[in-house]
Amino acid sequence: MQQYSSLPDQNSLIDATPKLLTTIEQLRAQLWLESSLNQLQSRLNDYLVSACNTVPQAGATQAEIFQAVVNEINSAVHSSNLALTDCAVGIALFQPQETVATVCYVSSSPSPNSQPLFVEVLTAKKKLLLRLQEIIKLEDLQQLEHQQPQSAWQLADDSGNVIGWLIIATASLSCDRESPIKSQAQLRSQLMARSAKYCTTALVQLRHILSWSQRYQQLSNSNQELERTNQLKNQFLANTSHEIRTPLSSIIGFTHLLLAPGYEPTRERQQEYLNIIQSSGKHLLALINDILDLSKIEANQLEVQWEIIDVPLLCSNVLALVKEKAANKGLKLCLELEPDIKTLVADPLRLKQMLLNLIFNALKFTSEGSVGLRVAPKGVFVHFTVWDTGSGISQEDQVQLFEPYFQIAKAVAGSVEGTGLGLAVTQKLAQIHGGSVKVESEVNRGSRFTLVLPFKQELGVGEDEGDEGAKFPSFPLHFTPSSSVEILLVENDLPNADLMQIYLRKLGYQVTWVKNAAEMWETLTVLEPVVILMDVCLTDGNGLSLVQQLREHEQYRTIPVIVQTAMAMKGDRETCLAAGVNDYISKPIDLPLLASLVAKYSKPPTSLDG
């Protein structure tokens, strides 16, 4: 029996060979395309990872991404075995509202002698040169994007706005085989389209990275600032605690000593102890005032009273206040005044405060030698220079010297008193006056702090009414009130009530004390006071509300009311006056000022007793 082979027919093998070769070429092309795109994606990822790990510069990283895209496409095309036509790749960037784009990135030519290639706009029959800084019209780019074969692809930001175009320019095709040429165009188009998409995605991710990096940096800076502020706060609390406990120890100790059963000190000793108690109390008040002053300045709420100041007199008074402290340390005090210095316009209280802060600091850090104040004119400014022969300040500490709560490390270690607020307050007060504070110092060679203030200010600028009571003399008026001068004291705090009762009764007033609103209304039914002294914080009501209620009653409407309160911030006095009070005095009570205000509103006889 005849047998036949199962091998395919020879003609069928010949027919299958072209199909097999075509499939292999397609696979090679697809592998090349995916490999090239993977390489591009890898490069872009490297830039994005680098941006995540460092503090990126937006412009620099974006430029790296654009250049990587054109270089990788160029490298992929010219390293291929697929015989793609010679080409160049570029990116033209576009600004919103513009009608042209500028070629900012171009791939390098494969050979030194290569000439720049052209992009052909088929519909307009024009050729555009693809080289750096070449200007291309927007309408031409849109034509390149929509023509066949496509030569431009949009690049957009994360909002979808067009920021540029990825462009490819190819050499003229001179090949008789249509199929490979068509295949090349399709392959090239896929490479460009997907590269443009990768580029757009990378730009969006870069913007997100930059945004996250910026937020991280802001949070990091905020955390550092919070940490620094927390350290300063802790240091400030520790220093303030020391500052408060030291005078409190004197106040409580000497008070206990005076009250101790069986202890009967001489009159001179009693006077000495009382002076210490008073001095310690003033120190506490000065500490509170420093804190309040800084708060008022930072809130732009500080009251300033512009006046023409007698400079020699003020400087003499300032040195008189520190004379005893200097003598206790064996230091010599010096005052040098240029003869041309007579007057300047400033707030006398604040100027004295600034000079005292500087001189107290000089005395604090000087153990031997001298401390001096020199006043000299410099053009339209006057320079108050406080110098000392003390320990000096390092350059490192000088940088932070005027920051709130800052203290020199050796000062803290050496238990030098102070809260670190004096210089900060002084600098801010100087700035309010249109001036500044400068420092010159060397370690172990003393320091020079110069307060620079203008001679003249515009009177009225920053002026506030302030306490009207401040316009009265700081000493009590001596007179003998008639028995009809009745004062009603509405005061919640017993020690303050006792203090004001004793003082006013010593001056001859009849004082009736009540501690709350209910007692006030009951007392008013049997008493016709000439003046009412009203506390704001009462157990059963608000003093300002009581004043408003008094003004609604015909029989009480004209009684003068003076508020005594711990409300001492800017605006508190105005709030009290708006409620209907006649005047205002802040706690701790200045007794001579209280006497002046009561005398003003009670209209006592003008006769004086000796």
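Keep in mind that what you see is a predicted model, and the values were worked out from it rather than measured. (Residues numbered from 1 in each chain as written. Predicted model: local features only at pLDDT ≥ 70, side-chain atom pairs only at ≥ 80, totals over all residues. Heavy atoms only, no water.)

**A word on the overall build of the protein**
Move 1: Helix and strand content of the protein: 15 helices and 21 strands.
Move 2: For the protein, the exposed area adds up to about 34100 Å²; of that, 53% sits on carbon and sulfur atoms. (Helix = DSSP H or I, 4+ residues; strand = E, 2+ residues; numbered from the N terminus. Areas by Shrake-Rupley, 256 points an atom, 1.4 Å probe, with all protein chains shown as cover.)

**So, a nonpolar patch on the surface**
Move 1: On the surface, Ile244, Leu248 and Ile252 cluster together to form a nonpolar patch covering roughly 230 Å² of accessible area.
Move 2: Residue position: leucine 248 is located in helix α4 (residues 178-259).
Move 3: Classification of leucine 248 as partly exposed rests on a relative accessible area of 31%. (Patch = residues over 30% accessible without salt bridge, like charges linked within 9 Å, V, L, I, M, F, W, Y side chains within 5 Å. Salt bridge = Lys/Arg side-chain N within 4 Å of Asp/Glu carboxyl O. Buried < 20%, exposed > 50% of the residue type's maximum accessible area, 1.4 Å probe, protein only.)

**Thoughts on helix α7 (residues 348-364)**
Owing to its 3.6 residues per turn, the α-helix brings residues three or four apart onto one side.
Move 1: Its 17 residues place the ends of α7 24 Å apart at the C-alpha level, agreeing with the 24 Å of an ideal helix rising 1.5 Å per residue.
Move 2: For α7, the tally of buried residues reaches 12 of 17 residues, placing the bulk of the element in the interior.
Move 3: Residues of α7 that are buried: Arg350, Leu351, Gln353, Met354, Leu355, Leu356, Asn357, Leu358, Ile359, Asn361, Ala362 and Leu363.
Move 4: One side-chain oxygen of the residue at the start of α7 lies 3.0 Å from the amide nitrogen of leucine 349, identifying that residue as aspartate 347. (Expected span 1.5 Å × (residues − 1). Polar contact = N/O pair within 3.5 Å; in protein donor to acceptor, adjacent residues only side chain to side chain.)

**Focus on the pattern of salt bridges**
Move 1: On inspection of all chains with the given rule, the structure shows 13 salt bridges.
Move 2: Here arginine 228 ties to glutamate 225 by a salt bridge, and the two come within 3.3 Å at their closest N and O atoms. Taken together, the positions of arginine 228 and glutamate 225, both in helix α4 and three residues apart, correspond to about one turn of that helix.
Move 3: Here glutamate 225 falls in the partly exposed class, since its relative accessible area comes to 42%.
Move 4: It is possible to trace a salt-bridge network through shared partners that takes in Glu336, Glu338 and Arg374.

**With respect to the packing of aromatic side chains**
The description of an aromatic ring pair rests on the distance of the ring centres and on the angle between the ring planes.
Move 1: Tallying each qualifying case throughout the model produces four aromatic pairs.
Move 2: Between phenylalanine 254 and tyrosine 273, the ring centres sit 5.0 Å apart and the planes meet at 35°, which makes this aromatic pair tilted. Residue phenylalanine 254 is found in helix α4, and its partner tyrosine 273 is found in helix α5 (residues 267-298); the two are separated by 19 residues along the sequence.
Move 3: Between tryptophan 521 and tyrosine 556 the ring centres are 6.1 Å apart and the planes differ by 50°, which places this aromatic pair in the tilted class. (Phe/Tyr/Trp six-rings, centres within 6.5 Å; stacked < 30°, edge-to-face > 60°.)

**As for the side chain of aspartate 157**
Move 1: By secondary structure assignment, the location of aspartate 157 is in the loop between β6 (152-156) and β7 (162-170).
Move 2: For the buried aspartate 157, which has no salt bridge, the nearest side chain bearing the opposite charge is arginine 207, at an N-O separation of 5.4 Å.
Move 3: Within the local environment of aspartate 157, its side chain forms a polar contact with the backbone nitrogen of asparagine 161, the two atoms lying 2.8 Å apart. (Lys, Arg positive; Asp, Glu negative; His and termini not counted.)

**Looking at the sheet that holds strand β13 (residues 436-441)**
Move 1: Spatial strand order, β9-β11-β12-β14-β13: five strands in an open sheet with mixed pairing. Lying at the two open borders of the sheet, with one neighbouring strand each, are β9 (332-337) and β13. Within the sheet, the average angular offset between the axes of one strand and its neighbour, ignoring direction, is 15°.
Move 2: Across six bridges, β9 lies against strand β11 (residues 370-378) in parallel orientation. The residue of β11 that forms the bridge with glutamate 336 is arginine 374. (Pairing = 2+ DSSP bridges. Axes fitted to C-alpha atoms, helices over the stretch in contact; angles between N-to-C directions.)

**Describing the nonpolar core**
Move 1: Of all hydrophobic cores here, the largest spans 43 residues; its most connected members are Leu344, Leu351, Phe384, Leu451 and Leu453.
Move 2: Counting residues per element, the ones that place at least two in this core are α5, α6 (311-328), β10 (343-346), α7, β11, β12 (381-388), α10 (422-432) and β14 (447-454).
Move 3: At eight residues, the largest contribution of residues to this core is made by α7.
Move 4: In terms of nonpolar packing, the next biggest core, distinct from the first, is built from 36 residues, Ala68, Val77, Ile91 and Ile163 among them. (Core = buried A, V, L, I, M, F, W, Y, C linked by side-chain atoms within 4.5 Å.)

**Concerning the packing of helix α12 (residues 517-524) against helix α13 (residues 543-551)**
Move 1: Interaxial distance between α12 and α13 falls to 11 Å at its minimum, and their mutual angle equals 25°. Taken together, the axes of α12 and α13 lie roughly parallel to each other. For the pair α12 and α13, the crossing hand works out as right-handed. Facing Ala517, Met520, Trp521 and Leu524 of α12, the residues of α13 in contact are Leu546, Gln549 and Leu550.
Move 2: The residue makeup of the contact of α12 with α13, split by class, is six nonpolar, one polar and no charged. (Parallel < 35°, antiparallel > 145°, perpendicular 65-115°, else oblique. Left-handed = near helix turned anticlockwise from the far one by under 90°. Contact = heavy atoms within 4.5 Å. Nonpolar A, V, L, I, M, F, W, Y, C, P; charged D, E, K, R; others polar.)

**Here's the deal with the pairing of β12**
Move 1: Counting buried positions over the eight residues of β12 gives seven, a clear majority of the element.
Move 2: When β11 meets β12, the two strands line up antiparallel, connected through eight bridges. Pairing of glycine 372 across the sheet is with tryptophan 387, part of β12.
Move 3: Count of turn residues in the β11/β12 antiparallel hairpin: two residues, of which glycine 379 carries a positive phi of about 70°.
Move 4: Looking at chain direction, β12 and β14 are connected through eight bridges and run antiparallel. By the bridge assignment for β14, aspartate 388 is matched with serine 447.

**Some points on α12**
Move 1: Those residues of α12 that fall on the buried side of the exposure criterion are Ala517, Met520, Thr523 and Leu524. Buried residues of α12, viewed axially, fall in a sector of 125°; they line one side.
Move 2: Structurally, α12 contributes buried residues whose contacts are with β15 (486-490), β16 (510-514), β17 (531-535), β18 (537-538) and α13.
Move 3: With a side-chain oxygen lying 3.3 Å from the backbone nitrogen of alanine 518, the N-terminal cap of α12 falls on asparagine 516. (Arc of directions from axis to C-beta.)

**Notes on the pairing of β14**
Move 1: Extensive coverage of β14 is indicated by the burial of seven of its eight residues.
Move 2: One ladder, built from six bridges, connects β13 with β14; its direction is antiparallel. From the neighbouring strand, serine 436 faces β14, where its bridge partner is valine 452.

**Overview of the sheet that holds β6**
Move 1: Strand order in this open sheet of five strands is β5-β2-β1-β7-β6, and the pairing throughout is antiparallel. Strands at the two margins of the open sheet, each flanked by one partner only, are β5 (135-137) and β6. With direction set aside, neighbouring strand axes in the sheet form an average angle of 35°.
Move 2: The sheet contact formed by strand β1 (residues 87-94) and strand β2 (residues 100-106) spans five bridges and is antiparallel. Note that in β2 the partner of isoleucine 91 across the bridge is tyrosine 105.
Move 3: The sheet strands contacting helix α3 (residues 138-146) are β1, β2, β5, β6 and β7, and the helix crosses β5 at an angle near 70°.

**Structural notes on the environment of lysine 197**
Move 1: With respect to the helices, strands and loops of the structure, lysine 197 is situated in helix α4.
Move 2: Put simply, lysine 197 and leucine 155 are 42 residues apart on the chain and 7.6 Å apart in space, counted from C-alpha to C-alpha.

**Things to note about the confidence of the model for the protein**
Move 1: Per-residue pLDDT for the protein has a mean of 80; in total, 81% of the residues score no lower than 70.
Move 2: Taken together, the stretch residues 173-179 has pLDDT below 50 and engages in three contacts with residues farther than four places along the chain or on a different chain.
Move 3: Of the regions scoring below 50 in pLDDT, residues 412-416 engages in six contacts with residues more than four places distant in sequence or in other chains. (pLDDT = per-residue confidence, 0-100.)

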